[in-house]
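Chain and residue survey
The lines below spell out each chain.
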Amino acid sequence: MDTVLIYVIIGVAIVLGAVGYGVSLLRGRGRTLERQAPPARPGLPAEDLDRRPPAGPTDTVEAPEAPGAPAEVQVEEPTAPTAPEPTLERPESARGRLQRLRARLARSNSSIGQGLLALLSRGKLDEEAWEEVEDTLISSDLGVEATMELVDSLRTRVKVDGTTDEATVRGWLREDLLALVQPDMDRRIASSRVGDRPAVILVVGVNGTGKTTTVGKLARVLVAEDREVLLGAADTFRAAAADQLETWGARVGVATVRSDKDNADPAAVAFDAVKAGIEEEVDVVIIDTAGRLHNKVGLMDELGKVKRVIEKQSEIDEVLLVLDATTGQNGLQQTKVFSEAVDVTGIVLTKLDGTAKGGIVVAVQRQLGVPVKLVGLGEGPDDLAPFDPEAFVDAIVM
Ligand SMILES: Nc1nc2c(ncn2[C@@H]2O[C@H](COP(=O)(O)OP(=O)(O)OP(=O)(O)O)[C@@H](O)[C@H]2O)c(=O)[nH]1
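To start, this report covers the structure provided alongside it. (Residues numbered from 1 in each chain as written. Predicted model: local features only at pLDDT ≥ 70, side-chain atom pairs only at ≥ 80, totals over all residues. Heavy atoms only, no water.)

1. Details of the overall build of the chain
Along the backbone of the chain there are 13 helices and ten strands. With 398 residues in all, the chain has 42% of them scored as buried. The contacts of the chain with a sequence gap of at least 6 include a subset with a gap of at least 24, amounting to 77%. Working note: accessible area of the chain is about 21300 Å², and carbon and sulfur atoms make up 53% of it. (Helix = DSSP H or I, 4+ residues; strand = E, 2+ residues; numbered from the N terminus. Buried < 20%, exposed > 50% of the residue type's maximum accessible area, 1.4 Å probe, protein only. Contact = heavy atoms within 4.5 Å. Areas by Shrake-Rupley, 256 points an atom, 1.4 Å probe, with all protein chains shown as cover.)

Put into structure tokens, the structure is as follows:
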């Protein structure tokens, strides 16, 4: 009986040993298969090819010749999976943007210019004709005061010179319009470090005017000028605004300081953004704010707090007010409240591509006493241009 038991134990031991060996073989094979699987290659768009390091020759290992085996077997060494390289866009440089967008400007404003030239070049300019000139200018949102100035100047010139030659009239119109646009205003944007801190730009305006988009586009303008930029998502009212801003920034390698909480305190986000900008020694911090503020008191309170909190660490170098050109004179009324809450230093006039009322440039500068510094001429990422009075007037009268 004992002998039988011993044989059984020996038999079980042999079977277990064989099973264990088999399992270890399978495991080892599994590992080999994993290692050999080719790593997924991250796809890189064509324009990014120049950023890749030059590819080295493929490592090939010659297998020892085995009887009956093919002459040469190439075994590809598995390459370590590489993290996908961020593909950064190269924004268009600021110079020449308005020239590129001139056609859009001309398309929206040509009715003013052509209408005026047609009227002014008429043989005889009677009272009725001058009234039509006035109406055309007022309907372009130029404002009554500026319209009167322009018409008075043109009437005097026509009277003194006695000509209605089209080229001459065009020249006068160009000169007078340019004077109204005030070409001498300083339209530079504060975007360089001031001493040992970054420049700070606060962007304000009614909701839907294009603030977040403008902050994103402005970051691109500044990146193209080789500035190091940091964004602050202090529009905590609209949940998607921070994501939107972050996406704009990521496209050109610009970081965004934001809060993960909905309805976080915008002043706290603005504070953190400026703090990070100082620590990281960037050139400029741009802060987006919310526009949906129910009343004047709410607006004053919130923007006032954002401003005060930022100023605990740094001066604010630029307050850009974003205004939708298609809202015309009504939009202007709304913006007055903003200029009372913070000292606006420049205007961004968006959606100028969608209106035939380019006169709003003159009206807004007169009303707020600050220059239009940037104009939005489309939804494309590089459709924001520094405002150039001459190019603007040329697009109207040419
Ligand atoms: N055609 C045109 N559309 C523009 C321009 N600028 C902005 N937009 C569009 O305007 C819309 C509103 O832009 P946002 O940047 O979201 O507006 P916002 O002021 O940040 O809005 P809130 O966050 O709600 O305050 C978007 O569809 C933009 O693409 C422009 O210059 N031309």
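2. Considering the environment of Leu142
One can find Leu142 in the loop between helix H4 (127-139) and helix H5 (144-161). Of the residues examined, Leu142 reaches a relative accessible area of 4% and is grouped as buried. For Leu142, the residues in contact, after removing those within four places along its chain, are Leu137, Thr147, Leu150, Leu180, Gly359, Val362 and Ala363.

3. Considering the site of the ligand
Residues in contact with the ligand amount to 21 residues; listed here are only the nearest, Lys211, Thr212, Thr213, Arg238 and Glu379. Note that an oxygen atom of the ligand is positioned 3.0 Å from one of the backbone N or O atoms of Gly210. One of the side-chain N or O atoms of Thr213 is found 2.3 Å from an oxygen atom in the ligand. Protein coverage of the free-state accessible area of the ligand, which is 670 Å², stands at 82%. Of the residues forming the shell around the ligand, the biggest block, four residues, is contributed by helix H7 (residues 211-224). Class assignment for the residues of the shell around the ligand results in two nonpolar, eleven polar and eight charged. (Near = heavy atom within 4 Å. Polar contact = N/O pair within 3.5 Å; in protein donor to acceptor, adjacent residues only side chain to side chain. Nonpolar A, V, L, I, M, F, W, Y, C, P; charged D, E, K, R; others polar.)

4. Observations concerning unusual backbone geometry
Positive phi is not limited to glycine here, since Gln182 has a value of about 55°. For Gln182, the location among the structural elements is in the loop between helix H6 (166-181) and strand S3 (199-204). Given the relative accessible area of 29%, Gln182 is considered partly exposed. A positive phi angle, close to 65°, is found at Asp226, a residue other than glycine. With respect to the helices and strands, the residue Asp226 is situated in the loop between H7 and strand S4 (229-234).

5. Describing the nonpolar core
Residues Ile287, Ile310, Leu349, Leu352, Val375 and Phe392 are the most contacted members of the largest nonpolar core, which totals 78 residues. When residues of this core are assigned to their parent elements, the largest contribution, seven residues, is made by H6. Three or more residues apiece are contributed to this core by two domains, here domain 1 (97-181) and domain 2 (199-344). Non-local contacts of Ile310, meaning those with residues more than four positions away in its chain, are made with Val200, Leu202, Ala270, Val274, Ile287 and Ile316. Counting residues in each nonpolar core, the second largest holds 25 residues, with Leu245, Ile286, Leu374 and Leu384 among its members. (Core = buried A, V, L, I, M, F, W, Y, C linked by side-chain atoms within 4.5 Å. Domains from an automatic or database assignment.)

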